[in-house]
Amino acid sequence: MIPTPPPPPPSAEALRATLQQSLAPHLLEVIDESAAHAGHAGANAHGYGSHFRVRIASARFDGLSRVAAHRLVYDALRPFIDAGLHALAIEIRR
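Note that the structure is a prediction, hence the values are computed from the model and not measured. (Residues numbered from 1 in each chain as written. Predicted model: local features only at pLDDT ≥ 70, side-chain atom pairs only at ≥ 80, totals over all residues. Heavy atoms only, no water.)

### Some thoughts on the pattern of salt bridges
A side chain of one charge can pair with a side chain of the opposite charge when the charged atoms of the two come close.
And then number 1: Under the definition given, this model contains six salt bridges.
And then number 2: Between Arg55 and Glu29 there is a salt bridge, with the nearest N and O atoms lying 3.4 Å from each other. Of this pair, Arg55 sits in strand E2 (residues 51-57) while Glu29 sits in strand E1 (residues 27-32), placing them 26 residues apart in sequence.
And then number 3: Glu29 sits in the partly exposed class, given a relative accessible area of 35%.
And then number 4: Glu91 is the salt-bridge partner of Arg55, the closest N and O atoms lying 2.8 Å from each other. Here Glu91 lies in strand E3 (residues 87-92) and Arg55 lies in strand E2, a separation of 36 residues in the sequence. (Salt bridge = Lys/Arg side-chain N within 4 Å of Asp/Glu carboxyl O. Helix = DSSP H or I, 4+ residues; strand = E, 2+ residues; numbered from the N terminus. Buried < 20%, exposed > 50% of the residue type's maximum accessible area, 1.4 Å probe, protein only.)

This is the structure we're talking about:
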């Protein structure tokens, strides 16, 4: 049996689309910072798709603590985390 190659790393566009659909943000920036982490733990050989920064504001965060808002973002991006996204810096904007 021929082994199946692993899927490609996630892209900023894929994370952005998922967050748009899940949280309907009115501000959203997804920045792939993977290249700056080359050689660090969790970095991959591709140079992209392992370390991201998300700046996000959404009405879904109204009345939530910062931790609860972060959980919503993590929950939305769980498939990417499970597929190898190593680091996610989240900046909640109000």
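### Re the sheet that holds E2
And then number 1: Pairing is mixed in the open sheet, where three strands are placed in the order E1-E2-E3. The open sheet has two edge strands with one neighbour each: E1 and E3. The mean angle between the axes of side-by-side strands here comes to 15°, regardless of whether they run parallel or antiparallel.
And then number 2: The pairing of E2 with E3 spans six bridges and is classified as parallel. (Pairing = 2+ DSSP bridges. Axes fitted to C-alpha atoms, helices over the stretch in contact; angles between N-to-C directions.)

### Quick notes on the nonpolar core
And then number 1: Residues Leu19, Val30, Ile56, Val73 and Leu88 are the most contacted members of the largest nonpolar core, which totals 19 residues.
And then number 2: Residue assignment for this core shows that the elements contributing at least two residues are helix H1 (12-23), E1, E2, helix H2 (66-82) and E3.
And then number 3: Sorting elements by how many residues they give to this core places H2 first, with five residues.
And then number 4: In contact with Leu19, not counting residues within four places along its chain, are Ala24, Pro25, Leu28, Val30, Val54, Ile56, Val73, Ala76 and Leu77. (Core = buried A, V, L, I, M, F, W, Y, C linked by side-chain atoms within 4.5 Å. Contact = heavy atoms within 4.5 Å.)

### Observations regarding H1
And then number 1: Helix length check: H1 (twelve residues) gives 16 Å between terminal C-alpha atoms against 16 Å at 1.5 Å per residue, within 8%.
And then number 2: Taken as a whole, H1 has its buried residues at Ala12, Leu15, Thr18, Leu19 and Leu23. One side of H1 carries all its buried residues, which in axial view fall inside an arc of 130°. Exposed residues lying more than 90 degrees from the buried face of H1 are Glu13 and Gln21.
And then number 3: On the buried face of H1, the contacting elements are E1, E2 and H2.
And then number 4: Looking one or two places after H1, you find Ala24, whose phi comes out positive at around 40°. (Expected span 1.5 Å × (residues − 1). Arc of directions from axis to C-beta.)

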